[in-house]
Amino acid sequence: MARAGLTPDRIVATAADLADEVGLENVSLSALARRFGVKDASLYSHVRNLQDLRTRMALLAGAEMIDRIAAAVAGRAGKDALAAFAGAYREFALERPGRYAATQIRIDQSLVVDSPVFRRTAEITYGMLRAYGLEEPDLTDAVRLLRSTFHGYCALEATGGFGAPRDVRKSWDKAVDALHITLEHWPREDTDDHGGEGHP
């Protein structure tokens, strides 16, 4: 591939594809340069370093993931919205493992605050949970519960961590049912403490 065709967006998208193929931990600037057929130095005019590349990958993957979730939950509320949200989350995690791994890395908080991706993620996530009548700090607690449940389940499923003969999809559906019941009967906390954690 011609070096003249390199752009930051193209480099990041190719890095995300490579992560899906070989795992995020195996994506390096050298591996990416080989994918493009150029020397490592050719990439440095487009990305500063590996951390910059991973941050850009996280933002790209986050945007793709929330687009999928937003399309799934559109026009839905309550349990239907939760199930659609959960299903889109799981599908993305299993179909795009490298991209999904990128969404889990910790990035500079100043980028989180200024990122339209994270703002949109927070809007959609909090909007779904407000339908259950939740306000802060319960909203943040609920987001953390959903994120830890979804992420833990998907991480175990992706590595074959569920050994029992029970179908993993049926267990997933049951977990979503249980989350719905939990959200409907949330132990609300009456306090002025305010959180804020939009990433599912």
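Please read these numbers as outputs of a predicted model, since none were measured by experiment.

So, how was this worked out
- Residues numbered from 1 in each chain as written.
- Predicted model: local features only at pLDDT ≥ 70, side-chain atom pairs only at ≥ 80, totals over all residues.
- Heavy atoms only, no water.
- Phe/Tyr/Trp six-rings, centres within 6.5 Å; stacked < 30°, edge-to-face > 60°.
- Helix = DSSP H or I, 4+ residues; strand = E, 2+ residues; numbered from the N terminus.
- Buried < 20%, exposed > 50% of the residue type's maximum accessible area, 1.4 Å probe, protein only.
- Salt bridge = Lys/Arg side-chain N within 4 Å of Asp/Glu carboxyl O.

Trainee: It is not clear to me how the packing of aromatic side chains should be interpreted in this structure. Could you clarify?
Mentor: For any pair of aromatic rings, the description rests on two quantities: the centre-to-centre distance and the angle between the ring planes. Scanning the entire structure with this criterion turns up six aromatic pairs. Arranged with centres 5.6 Å apart and planes meeting at 75 degrees, the rings of Y89 and Y100 form a pair that is edge-to-face. Taken together, the residues span a long stretch of sequence, with Y89 in helix α4 (residues 78-95) and Y100 in helix α5 (residues 97-103) at a distance of eleven residues. Like Y89, the residue Y100 is buried in the burial classification. Between Y153 and W172, the aromatic rings sit 5.1 Å apart at their centres with planes inclined by 70 degrees, giving edge-to-face as the arrangement. Here Y153, found in helix α8 (residues 138-158), pairs with W172, found in helix α9 (residues 168-184); they are 19 residues apart in sequence, far enough to count as distant. Across the pair, exposure class does not vary: Y153 and W172 are buried alike.

Trainee: Would you explain the pattern of salt bridges in this entry?
Mentor: Think of it this way: side chains of opposite charge can pair up when their charged atoms draw near. A full pass over the atoms with the stated rule returns twelve salt bridges. Here R68 ties to E95 by a salt bridge, and the two come within 2.9 Å at their closest N and O atoms. Of this pair, R68 sits in helix α3 (residues 50-73) while E95 is found in helix α4, placing the two residues 27 residues apart along the sequence. In this structure R68 comes out as partly exposed when scored by relative accessible area, which is 27%. Look at E95 and you get partly exposed, because its relative accessible area is 47%. Salt bridges sharing partners connect three or more residues here, namely D17, D20, E64, R96 and R99.

Interpretation note: all reported values are geometric properties and have no functional meaning in isolation.
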